[in-house]
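# Fold and contact review
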Amino acid sequence: KQEVTQIPAALSVPEGENLVLNCSFTDSAIYNLQWFRQDPGKGLTSLLLIQSSQREQTSGRLNASLDKSSGRSTLYIAASQPGDSATYLCAVWTSGTYKYIFGTGTRLKVLA
Amino acid sequence: SQTIHQWPATLVQPVGSPLSLECTVEGTSNPNLYWYRQAAGRGLQLLFYSVGIGQISSEVPQNLSASRPQDRQFILSSKKLLLSDSGFYLCAWSTGQGNYGYTFGSGTRLTVV
């Protein structure tokens with residue numbers, strides 16, 4: 001059974017810092033991995049989708065990497081801004097299934 | 001392009017009343033459809049998913065049911081709401097193997113009083 005863990009659960013950093021959010025999963029037989037952002041009281045917004053054949057994806061200040069063999073993904077946020085404050089969730093689609101398994105999220109606060 | 005609609009945005013219902021939340025997808029055919037619930041301060045809990053009309057898989061036994069009367073319509077229902085049904089309900093869709101990931105609706109905040 002796939003299990004997805006995100007560390008740290010919460011993170012508070014000053015504006016301008018580069019930061020890394022971690023996601024680990026137990027079953028490496030995945031189709032893809034997706035990173036989401038959730039603002040308080042809002043729905044989930046997709047940030048990046050990495051297919052199993054890819055090593056990384058980039059969008060603006062965001063870069064997500066995938067290492068299937070070690071069961072890990074990282075989300076790198078460059079030059080963090082207060083507007084980046086949100087909860088970040090990773091989700092894994094395991095081969096042979098029809099759904100994503102979500103981590104519990106990292107709650108990020110960027111201080112001005 | 002594909003869009004997903006979910007309504008209502010907020011709902012306050014008394015205990016014991018019925019519930020019907022609707023989700024529709026446009027711009028695609030035969031999507032996988034999902035209902036999630038997020039209780040206050042908690043993670044996402046998958047309630048139901050459907051890979052085709054009339055095909056419903058339940059993840060957690062509870063006071064809710066789901067139906068898919070049309071290809072791009074997914075309905076979450078309850079005959080009698082409980083206080084514990086309060087939460088943020090999210091609908092999502094994907095292609096068959098999740099090739100393009102999930103796209104979520106904007107959610108329904110349900111408060112049972």
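Residue numbers here run from 1 along each chain, matching the order of that chain's written sequence. All chains are assigned letters beginning with A, and all ligands numbers beginning with 1, in the order in which they are written. Reporting of local features is limited, given that this is a predicted model, to residues whose pLDDT is at least 70; pairs of side-chain atoms are given and counted only at 80 or more, and all residues count toward the totals for whole chains, interfaces and linings. By convention in this description, side-chain values take in all heavy atoms of the structure and omit both hydrogens and water.

## Focus on the side chain of Arg37(B)
Residue and element names in this part refer to chain B. Secondary structure follows DSSP: runs of H or I at least 4 residues long count as helices, runs of E at least 2 residues long count as strands, and numbering of each begins at the N terminus. Within the element layout of this structure, arginine 37 appears in strand β4 (residues 32-38). A polar side-chain atom of arginine 37 sits 3.1 Å from a polar atom in the side chain of tyrosine 89. It only takes one pair of heavy atoms within 4.5 Å for two residues to be counted as in contact. Each residue touching arginine 37, except ones within four places of it in the same chain, is listed here: Gly43, Leu44, Gln45, Leu47, Gln62, Leu64, Ser84, Asp85, Ser86, Phe88 and Tyr89. Counting of polar contacts relies on pairs of N or O atoms within 3.5 Å, with two restrictions inside protein: one atom must be capable of donating a hydrogen and the other of accepting it, and residues adjacent in sequence are counted only when both atoms are side-chain atoms.

## Points about the sheet that holds strand β7 (residues 65-70) of chain B
Residue and element names in this part refer to chain B. At least two bridges found by DSSP between two strands is the condition for calling them paired. The antiparallel open sheet is built from four strands, whose spatial order is β1-β3-β8-β7. This sheet does not close on itself; its edge strands, each paired only once, are β1 (3-7) and β7. Each strand axis lies, on average, 20 degrees off the axis of its neighbour in the sheet, ignoring direction. Bridge count between β7 and strand β8 (residues 73-78): four bridges; the pairing is antiparallel. In the strand pairing of β8, serine 67 is matched with isoleucine 75. For helices, the axis comes from a line fit to the C-alpha atoms of the stretch in contact; other axes are also lines fit to C-alpha atoms, and the angle between any two N-to-C directions lies between 0 and 180 degrees.

## Quick look at the nonpolar core
Counting residues in each nonpolar core, the largest one holds 23 residues, and the members touching the most others are Leu33(A), Trp35(A), Leu75(A), Ile77(A) and Tyr88(A). Residue assignment for this core shows that the elements contributing at least two residues are β3 (19-25), β4 (30-38), β5 (44-51), β7 (62-67), β8 (72-77), β9 (86-94) and β11 (106-111) of chain A. Take the buried residues of types Ala, Val, Leu, Ile, Met, Phe, Trp, Tyr and Cys, join any two whose side-chain atoms come within 4.5 Å, and each joined set is a nonpolar core. Under the scheme applied here, a residue whose accessible area is under 20% of the maximum for its type counts as buried, over 50% as exposed, and between as partly exposed, the area being computed with a 1.4 Å probe on protein chains only. Core analysis: the second largest hydrophobic core is formed by 20 residues, Leu64(B), Ala66(B), Phe74(B) and Cys91(B) among them.

None of this, on its own, says anything about what the molecule does.
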